[in-house]
Amino acid sequence: MKLENKVAIVTGGSGGIGQALCDRLAREGAKIVINYRSHPDEAQKVKQEIEQIGSEALIVRADLSKVREINNLVEEGINYFGKVDILVNNAGLEKRADFWDVTEEDYDLVLNVNLKAVFFSTQAVVRHFRETNNPGRIINISSVHEELPFPHFTAYCASKGGVKMITRNLAVELGSMGITINNVAPGAIATPINEKLLNNPEQLKKVTQNIPLGRLGEPEDVAGLVAFLASDEARYITGSTFYVDGGLLWNYQEQ
Ligand code: NAD
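One structure accompanies this document, and this report is about it. (Residues numbered from 1 in each chain as written. Predicted model: local features only at pLDDT ≥ 70, side-chain atom pairs only at ≥ 80, totals over all residues. Heavy atoms only, no water.)

## A word on the layout of surface pockets
Here's step 1: Its volume calculated, the second largest pocket comes out at about 250 Å³.
Here's step 2: Looking at the second largest pocket, the residues that line it are Phe119, Thr122, Gln123, Val126, Arg127, Arg130, Ile166, Leu170, Glu173, Leu174 and Met177.
Here's step 3: Only helix H4 (104–131) and helix H5 (154–174) provide two or more residues apiece to the lining of the second largest pocket.
Here's step 4: It is H4 that provides the largest number of residues to the lining of the second largest pocket, a total of 6 residues.
Here's step 5: Across the lining of the second largest pocket, the residue classes break down as 6 nonpolar, 2 polar and 3 charged. (1 Å grid on protein atoms, 1.4 Å probe; cavity = no way out; pocket = protein on both sides within 12 Å on 5 of 7 lines; lining within 4 Å. Points joined across faces, edges and corners; volume = space filled by probe spheres on them. Helix = DSSP H or I, 4+ residues; strand = E, 2+ residues; numbered from the N terminus. Nonpolar A, V, L, I, M, F, W, Y, C, P; charged D, E, K, R; others polar.)

Next up, the structure:
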């Protein structure tokens, strides 16, 4: 197993991609801190799955738009398992609106969860990595939209573009400690964030036609790469973005 004796925090771990990440990291032997914000029942289900696999899990509620709650999440994980080795910044959200209608409230929410929380969660674990002399791993679940425009989702794109630069910057700043940081950037994955798309067959067909591999991704398609990046085998990989998008990003075609 790739992650035996490792402890991983997965933010937004109670559903969607986060759930698959908890499951996969646990299968590789890691103990998991499952963060959730609003679905304790779903977090409990993920914990049970992890225990069935034969690993251990701790559930911690934290609203990641608040730095105090982020610090508490990391502290609880360290207190319970004695250490943390891996942080997966997975939690995120998007709000659709024409640019001229975006409210300050929605802008703040998207930027706080998708960008500010990545910054401060990473800061909290890096402080722990330094204190314990641990060359830990940070993996951010970014998006193809750290690169690709997405009209009507400008705040989302700005947040993911910001995550791209956090990763590049910290790869340089933290490299001397052996700490690695990378982005995994999904394309269109079948999760609750895409609920409207999944319930609209016509739009779904259009999106699928743009994906060279001809289907939406599954959360498990993302999880294998994250497990690899969290492992010792990935020790020389830092500051990079890895796309998991079925070829979507590069599918320019003349009509
Ligand atoms: P999802 O909506 O199923 O999961 C998002 C998770 O983030 C949820 O568990 C939610 O509770 C959590 N979250 C939101 N706000 C939070 C807060 N304030 N505090 C704590 N947790 C909070 O969607 P998903 O597809 O699983 O998304 C996971 C990540 O993948 C996100 O960062 C998203 O931007 C990214 N992503 C998803 C897709 C896709 O097509 N599904 C594509 C590209 C990137």
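## Here's the deal with the packing of H4 against H5
Here's step 1: Viewed as axis vectors pointing N to C, H4 and H5 meet at an angle of 15 degrees, and their least axial separation amounts to 8 Å. Taken together, the axes of H4 and H5 are roughly parallel relative to one another. Once H4 is placed against H5, the crossing between them reads as right-handed. Every residue of H5 that contacts H4 at Tyr107, Val110, Leu111, Asn114, Leu115, Val118, Phe119, Thr122 and Val126 is listed here: Ala155, Tyr156, Ser159, Lys160, Gly162, Val163, Ile166, Leu170 and Leu174.
Here's step 2: Across the contact of H4 with H5, the residue classes tally to 13 nonpolar, 4 polar and 1 charged. (Axes fitted to C-alpha atoms, helices over the stretch in contact; angles between N-to-C directions. Parallel < 35°, antiparallel > 145°, perpendicular 65-115°, else oblique. Left-handed = near helix turned anticlockwise from the far one by under 90°. Contact = heavy atoms within 4.5 Å.)

## Description of the pairing of strand S5 (residues 137–141)
Here's step 1: Of all 5 residues that make up S5, 5 are buried, and the element is covered over most of its length.
Here's step 2: Remark: the strand S4 (residues 86–89)/H4/S5 crossover connection has right-handed handedness.
Here's step 3: The pairing of S5 with strand S6 (residues 180–186) spans 5 bridges and is parallel. By the bridge assignment for S6, Ile141 is matched with Val184. (Buried < 20%, exposed > 50% of the residue type's maximum accessible area, 1.4 Å probe, protein only. Right-handed = clockwise from strand over helix to strand, strands pointing away. Pairing = 2+ DSSP bridges.)

## Some details on empty space enclosed by the protein
Unfilled space is identified by rolling a water-sized probe across the atoms.
Here's step 1: With the rule as written, the count across this model stands at 3 cavities of 30 Å³ or more.
Here's step 2: As a volume, the largest cavity reaches approximately 60 Å³.
Here's step 3: Together, Lys95, Ala97, Val102, Asp106, Tyr107, Val110, His152, Phe153, Thr154, Ala155 and Tyr156 line the largest cavity.
Here's step 4: Sorting the residues of the lining of the largest cavity by element identifies H4 and H5 as the ones contributing at least two each.
Here's step 5: Together, Asn89, Ala91, Asn114, Val118, Asn140, Ile141, Ser142, Lys160 and Val163 line the second largest cavity.
Here's step 6: Among the secondary structure elements, those contributing two or more residues to the lining of the second largest cavity are H4, S5 and H5.

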